Each structure stands twice: as structure tokens, then as C-alpha cells.
Amino acid sequence: PAVAQAENAFYLKGGFAQLTDDAQNLNGFVRTLDAKSTDTYGLLFEHRTHRDMAFGVEYLNYQNDFLPSGKTILGTGKGTATTRTLQFVAKKYVGRHVFHPFFGLGVGVARTTVDYGDSSWNDEDFGVGMQVMAGFELRFQEMGLLFEAKRMAYDIDTSNSAYDPSAIGFFAGIGFNW
């Protein structure tokens, strides 16, 4: 059927990312970040081949709030650590008709920003972002529903008290196939 032959897809996703380490040394002080993220969303475009492979680009955004641990020179108020990634992704789909399980991986660039709340001091780091994912897509005519779990890892220099956004994420999305 035409549904199984869709060559392109665009998805808008929401969900959460659970940090793998929620107690981190930020700016020389141990901060406890909210383990579950807020403002978590993603955009995905993929092109599908006739061999059930898909190649595309994915943007992810998530943030984790934190409170200071005692008196500090910089940042005594509520802070926010934000992660943004842009990755090239590859997936292998299996299944036919409506139900399409998949597994895949991604690699690209990551940007993290730590806002310490009531100070004018912010940290910004760039690095490599990687992910592995598994899930399934339900394809209905030109529409689709996506459910996925992913493990996200980042190569960001954490030796200088930088935020490590590595996380396990769960996402659901709605999209268009054409």
C-alpha cells in the first residue's frame, strides 16, 4: 500500500529526557538538577529508501532546572541548564502496513547553556552529540504517530565544571508522510 511506501516524513515530538547524572559540579559547586527535563521537544525530517532505511536530520531541545547548594559567589538563585542538538540520523525500519518498528543512531553537534539564575554569569559549551534509539511508527495515509526511546551521550569537556546533558529520553510525536 501507499502508506508503507512513504518516501519522506516530518515529525514534531514531545517528551522528556532523564539525566544520567543529576548531581553535577557546575561553576565549582555541586548542583542538583531536576532529573526530568522541561521544555522538551524535537523536530525530525527523514527520507526513506525502498530498503526500509531512513536518513534524516533531527533537532532536540531540553532543559533541566537546578537550585544552588549553599552560598555561592555566582548564581544563588534558580538556574537552568539547556541542551540543543542537531544530528544526522539513520534508522532501519521493519514491518509493513501500519506498524513500523525501528532502531537507529544519530551523530551531530550539541550546544549546552547554563544560566545561573540571578547572576550575569552563563556557561556555554559545544561538543559532539550521539544517540541510539528504538521505537515504532504507526503510519495512516499521510499522517503518522511516533513513539521512541533514546540514549543520548555527549562529548563535552566536563573537566572544567561543565554541564553533562547525557540522558535517556522518551518521545511521542505526530507527523506527515509523503
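Refer to the structure presented above.
Predicted model only: the values in this text are computed from it and were never measured.

Visitor: Whenever I open this one, the overall build of the protein confuses me. Can you help?
Guide: When helices and strands are tallied, the protein shows 0 helices and 10 strands. Along the protein, helices and strands appear, N-terminal first, in the series β-β-β-β-β-β-β-β-β-β. Sorting the 178 residues of the protein into buried and exposed places 46% on the buried side. Considering only contacts in the protein between residues 6 or more positions apart, those separated by 24 or more positions represent 64%. Working note: accessible area of the protein is about 8,800 Å², and carbon and sulfur atoms make up 63% of it.

Visitor: Please explain the side chain of K91 as it appears in this structure.
Guide: Its location among the elements puts K91 in strand β6 (residues 79-93). Classification of K91 as buried rests on a relative accessible area of 1%. Engagement of the side chain of K91 in a polar contact is seen with the side chain of E46, the distance being 3.3 Å. When neighbours within four sequence positions are excluded, K91 is seen to be in contact with L44, E46, D52, M53, A54, F102, F103, G104, M133, L146 and E148.

About the cut-offs
Residues numbered from 1 in each chain as written. Predicted model: local features only at pLDDT ≥ 70, side-chain atom pairs only at ≥ 80, totals over all residues. Heavy atoms only, no water. Helix = DSSP H or I, 4+ residues; strand = E, 2+ residues; numbered from the N terminus. Buried < 20%, exposed > 50% of the residue type's maximum accessible area, 1.4 Å probe, protein only. Contact = heavy atoms within 4.5 Å. Areas by Shrake-Rupley, 256 points an atom, 1.4 Å probe, with all protein chains shown as cover. Polar contact = N/O pair within 3.5 Å; in protein donor to acceptor, adjacent residues only side chain to side chain.

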